[in-house]
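Survey of secondary and tertiary structure
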Amino acid sequence: MGAQIIWWSDLIWLTPFLGAALAGLVGLYKKRLSGFVGVFSIAVSAILTLPLLAIIWSNPSTVIISRDTIWFTIPISRETSVVFRLVSYVDGLSSIMALMVAWISLLIAVYSLKYMENDYGEHRYWVFFTFFVGSMLLLVLAGDLLLFIIGWEGTSLASYALIGHWYRDDDELTYVGDKGRSALGKSMFFSPSHSGVRAIVMTGIADIGLLLGLGFIVFSAKTSFIPDLYASTTLANIFKVLSSYGILTLFLFITSLGALAKSAQFPLHEWLVTAMTGPASVSALIHAATMVKAGVYFMLRFSPIFISVASLGGEEVLYQVREYFVIIASLGAFTAFMMATMAVVARELKLIWAFSTASQIGYMFVATASSGLISEPGLGIVAGFSHLLSHAVFKAALFLTAGALIHAVHSRYINDMKGLASYMKITTLSSYLAALSLAAVPPLAGFWSKDLVVETSALTGLLVIPVLLLVTAFLTSFYSMRAVGYLFMRSSDEKHHAYEPSSIMYIPYLILAISSVLIGFFWMFSYGYFAHVILATLPIKGVEKIHFEVETMTISLIIALVAVFFAVSVYQFMKREIYPRISGIALIKTLHDFLYDRWDINSVLYVVFVDGFSGLINYVGRYFEDLVIDGFYHRYLTVFADRLSRALRTIQFGLMNFYLVALLIGFLVLLLLGVWMR
Amino acid sequence: MDIVYIVYLLYNLYIPLLISLLIGGFIALAVSKIFDIGLSFSRNMSRAILLFLLIYLVILIILYPGYPVPVSGLFPYFSGVDEIVLLVSLSILISGFIVVSSYPLDSSDTVSVLAVSLLGVLGSILISMYSITYSIDSLGSIIPIIVSWATLSIASYAVIALFKDPLSLDASSRYAIVGVVASQFLLFGLGFFILFNFITYPRGVVYGFVGHDLYRLILVLSVSMLLVALGFKLGSAPFHFWLPDVYGRGSPYAVAAVAGFIKIGLVGLLLRFARFIFDLGSVSSYAKLGIDSGVFFYIVALLAVLSMLIGSITPLTQVSIQRILAFSSVAHIGFIFIGVAVFSIAPVYSPAYFFSLTGVLLHVLAYSISKSSMFILTGFMRSVYGSSDLSVVAGVSEKPGTLKTSVIIHLANLIGVPPLPGFWGKLFLFLSATYRDPRLYIGPIPWLALLGVLASVFSVFYYLNIMRAISIEVRGLGGSSDTRSQRPDLLNPYMASFLVIILGLLAPVLIIYLRLI
């Protein structure tokens, strides 16, 4: 493996961090400038990704690292120590991902220049936005697990800050949910500040698993450099030990918990839904294109490691690793299905896309997990990664257009967006293209990637999964065209004041929508080489060529087109809303409410965990804190000290004779001690 | 004229300068009293003398060559001017200067007080320079020790008595009577020591006509008596019973002198005594007699523990600030005794040796400055508010800001709050007790340090009580902020608080500079 050393590859993630700091300082002087500083630093990053990708594209078996020196070591015994490096690792996977992250971030940043203009938190927004981009790029390009974790946590922090951006909770437009609605007694109306806390708590708790797993790996394999783990015999031995206790599956699952939470898979998907309280640009960047993909990236990075190590580990290891992949794939498939059902009934535009995101990420998890269950693991990795890329592009476009649409009608509900198509042509066109990609209509990118995922999952032999994915595909196509279809409905009130946003806003999402088409065409012709670039430096077998089974393609195509046709005809041509007509039927209403309240999972979580823990806290507070701790420190101890002090004071007689007597007694005691002790 | 010779010269001039300036000052003050020359002149002259000596001492510290500079034969039996002398003299001179500058000028007896204070400074610094040495053909350092002891004792009795209010006279007479008895113990102790040396000369040879146990008994008698004397004078339990009455009733300015600088020199003597015991124990022929420094250690540790605990627990419910400070003196001597105990079992230049020495010296520095300042501030409170009871003080409205600041900083120093020197002192004292050194006769003594920490924690409470009383104003509790004709000024303790902060920040530099680490 030829490793080139290019020192400025670190700049890709470093520049946005510096940009964030600079934006912080500059914005103190003039708020508007912080935006330009932020955009500029991201632009530098984005430009720097191009030559790196070019190098790797032309020679896929190279990797690029930023330096060859070590950062610091932690000794763990007299002979061994763990070495940490401050190094970026650029291979096919990370260079393409970095390119995607940087350029989509740049487009969204440009959009934000206009979208966040005159916002009361504009300055703060840019600091965290740029900081986020830096963290995400660090995560992607990290060659050292310590850096990876730093980037990971940085994205959590920025996400919290940006979800709760409108922390004053004073604008109902920024909330998620219907006012006054509750399920199982728990309110389903979420404010930005509340949502921010939910996000960081849910991802934070799961990150414990990530830290435990990665920490264990680092200190037992005695290396923190990711490529060292490829087909590592040390790691294989560790896995052997773990599997002999039967806990290897559990261990791998715990390590992946952080990824599952970050990518909003069941049961830690709730935070993504309420994260829509953030600005649309934030939703586009963090919750569609980049941060939620971090979990998938983790899987893409580590599945080859687990697969390659498992093959060195023996029977038991292989079995438990397979078990782990089956669990992940099942979780992914279930999440995909569950979120799609929720999207079908959702009425807030951003919520539909949020559910869709979690659902599509479920596809990606299925793909990467399948890689561990099939004979050509590379196929799964390529499928997962392609879907990641195509989804990022069109979902970002959808969120950005959603931002424009919401702003135009000042409402987050699609019911209020009827008839906007004639007033906002470019926005409608971009949404339409992106939605078609989501609905997997060829020749758009979404079709190819989704189809590859389904094919890969079918190869595993677990037929439930591809069936579930196909049902979900049907639902996906339906809800995406439903959402867009509202734009074409006739509405009672004329929307004169709806107009196309400024070009700074529509150009980014137009570019993204068109890219969806272009990527589709690209894949039609160069999928094989694309796969080769990704897989060349990963420790698993490459793929001969990417071929699409005609049967699967046909099924997907039919499903997609039927759903699209159904939705388009109802929503676009008939211009009708279905639900008000059928809500009279009790069964339908119950089903609708169940889906609308997100399968009541949120309420269950709150009842079990939130209420449970606060009850525990009250109990401990009352019986332990007040009685034991408080009692000791503030009652028992004070009385004791007081009594002791008063007792000691009584021996101070004030009589002089006593002084002399005490002197003599003291002298005798010393004498005795001196003589007696040897 | 190279630098080594200059240093030698300067160091050798120190003692003659001390004696001549201080005795000369005494004589000058006596003359000015006879001829009624003027109070402020007397005070300024005393201050000038002390300031000059202080600056001279600081120059000596800066020029310190890293080893004890031998002093010429004119003043025999000195150990040389080593770091003990330097730091103890520093403490004495600084607190002496503060106290002397703060004496109220409202009576003619102030001149006498000044004169006596100068004598106290002299006796105190001199006694820190001696170790107990005795040889068969001369009395060694015995006589100088007795002379210095007498000087500082008389100075301490006199300074309290000269503030002629009834409480002070009562306190002074108690002090004197018990002090005389303690001086007897000193003399007897030294006497037994001479006997011991005499019958074991040449050192270590044991004459066959006396049994081993008798040797031990004589040595133990000597050591116990000396410890009683030193313990009494310093105020260690169980010899401390006079201290709360004397410190608590005497005029605070006088007590500032006694607690602040007059008794401090004895710490130097005690340290050298501990070292002497260690040397004694390391002589193998004495080991045949079963003499080792472990016994000494346990005795001193017992005294330390008693002092710390009694000194920390008793004042928790006291109401008079002056009495609280008195008990806290007992506690602080307890802390110092921890260092002395470890010093007696630490091999030369081992870490425990340095830690204990540094701890004691820094603690003494912090203690002398802050204790004398606190007593001066108590004197202020007594003269302006009428009494130094906590409730009275708390009831006064609009206390001066300088008072509050000084109290808080000095008490923080006594508590041991970093970066003040009191913290450094306690840190090293406790470190010395916990340091693992296989060469120590006894292993690490964590229980000693633990008790020390515990006592420190208790003491925080009563210091905080004082701080709270000073800082708050509660209506309707009595005490008035009336202005008598001469309101004593707070300048010196206030300046001292800044000095304390600077010393605390400089403490690490000082430690390294004086090769104390």
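Details of the structure are given in the entry above.
This part covers the overall build of chain A. From N to C terminus, chain A includes 23 helices and seven strands. Within chain A, contacts between residues at least 6 apart in sequence are counted, and of these 81% link residues at least 24 apart. Put simply, chain A shows about 26600 Å² of open surface, and 70% of that area lies on carbon and sulfur atoms.

All names here are of chain A. Helix α7 (residues 233-244) packs onto helix α6 (residues 192-221) with a crossing angle of 120° between their chain directions and a minimal axis gap of 9 Å. Between α6 and α7, the crossing angle belongs to the class labelled oblique. Here α6 and α7 pass one another in a crossing that is right-handed. Contact with α6, carried on its side by Phe-216, Ile-217, Ser-220 and Ala-221, involves Thr-234, Leu-235, Ile-238 and Leu-242 of α7 and no other residues of that element.

Taken together, the contact between chain B and chain A spans 40 residues of the former and 27 residues of the latter. Roughly 2900 Å² is buried in total at the junction of chain B and chain A, and carbon and sulfur atoms are behind 76% of that figure. Along the contact surface separating chain B from chain A lie zero salt bridges. The interface formed by chain B and chain A contains six residue pairs in polar contact (both at pLDDT 80 or more). Taken together, the elements giving at least two residues each to the side of chain B that touches chain A come down to α6 (166-199), α7 (212-234), α8 (242-249), α12 (293-313) and α13 (321-345) of chain B. Broken down by element, the side of chain B that touches chain A gets its largest block of residues, ten residues, from α7(B). Here the side of chain B that touches chain A is composed, by residue class, of 28 nonpolar, seven polar and five charged.

On to the pairing of strand β3 (residues 72-75) of chain A, then. Here four bridges tie β3(A) to strand β4 (residues 81-84) of chain A, and the two strands are oriented antiparallel to one another. Bridging across to β4(A), Phe72(A) finds its partner in Phe84(A).

Turning our attention to the nonpolar core. Grouped together as the largest cluster of nonpolar side chains are 217 residues, with contacts concentrated most on Phe239(A) and Phe385(A). The element that contributes the greatest number of residues to this core is helix α14 (residues 377-409) of chain A, accounting for 21 residues. Here Phe239(A) is in contact with Leu248(A), Phe251(A), Leu252(A), Phe306(A), Val309(A) and Val317(A), once residues within four sequence places are set aside. Within the second largest apolar cluster, 200 residues are counted, among which are Leu54(B), Val71(B), Ala229(B) and Ile336(B).

Below, the discussion takes up helix α17 (residues 464-485) of chain A. Between its terminal C-alpha atoms α17(A) stretches 31 Å, which fits the 32 Å expected from 22 residues at 1.5 Å a residue. Most of α17(A) sits out of view: 17 of its 22 residues are buried.

One pass over the structure, following the stated rule, counts 22 salt bridges over all chains. Where Asp593(A) meets Arg181(A), a salt bridge forms, and the shortest distance between an N and an O atom there is 3.2 Å. With Asp593(A) in helix α21 (residues 586-596) and Arg181(A) in the loop between α5 (145-163) and β6 (182-183), this residue pair connects regions lying 412 residues apart in the sequence. Between Asp82(B) and Arg272(B) there is a salt bridge; the shortest N-O distance is 3.0 Å. With a gap of 190 residues between them, Asp82(B) in the loop between α2 (39-62) and α3 (83-102) and Arg272(B) in helix α10 (residues 265-282) connect regions that are remote in the sequence. Like Arg272(B), Asp82(B) is buried.

Rules used throughout
Residues numbered from 1 in each chain as written. Chains lettered and ligands numbered in written order. Predicted model: local features only at pLDDT ≥ 70, side-chain atom pairs only at ≥ 80, totals over all residues. Heavy atoms only, no water. Helix = DSSP H or I, 4+ residues; strand = E, 2+ residues; numbered from the N terminus. Contact = heavy atoms within 4.5 Å. Areas by Shrake-Rupley, 256 points an atom, 1.4 Å probe, with all protein chains shown as cover. Axes fitted to C-alpha atoms, helices over the stretch in contact; angles between N-to-C directions. Parallel < 35°, antiparallel > 145°, perpendicular 65-115°, else oblique. Left-handed = near helix turned anticlockwise from the far one by under 90°. Buried area = accessible area lost by both parts, 1.4 Å probe. Salt bridge = Lys/Arg side-chain N within 4 Å of Asp/Glu carboxyl O. Polar contact = N/O pair within 3.5 Å; in protein donor to acceptor, adjacent residues only side chain to side chain. Nonpolar A, V, L, I, M, F, W, Y, C, P; charged D, E, K, R; others polar. Pairing = 2+ DSSP bridges. Core = buried A, V, L, I, M, F, W, Y, C linked by side-chain atoms within 4.5 Å. Buried < 20%, exposed > 50% of the residue type's maximum accessible area, 1.4 Å probe, protein only. Expected span 1.5 Å × (residues − 1).

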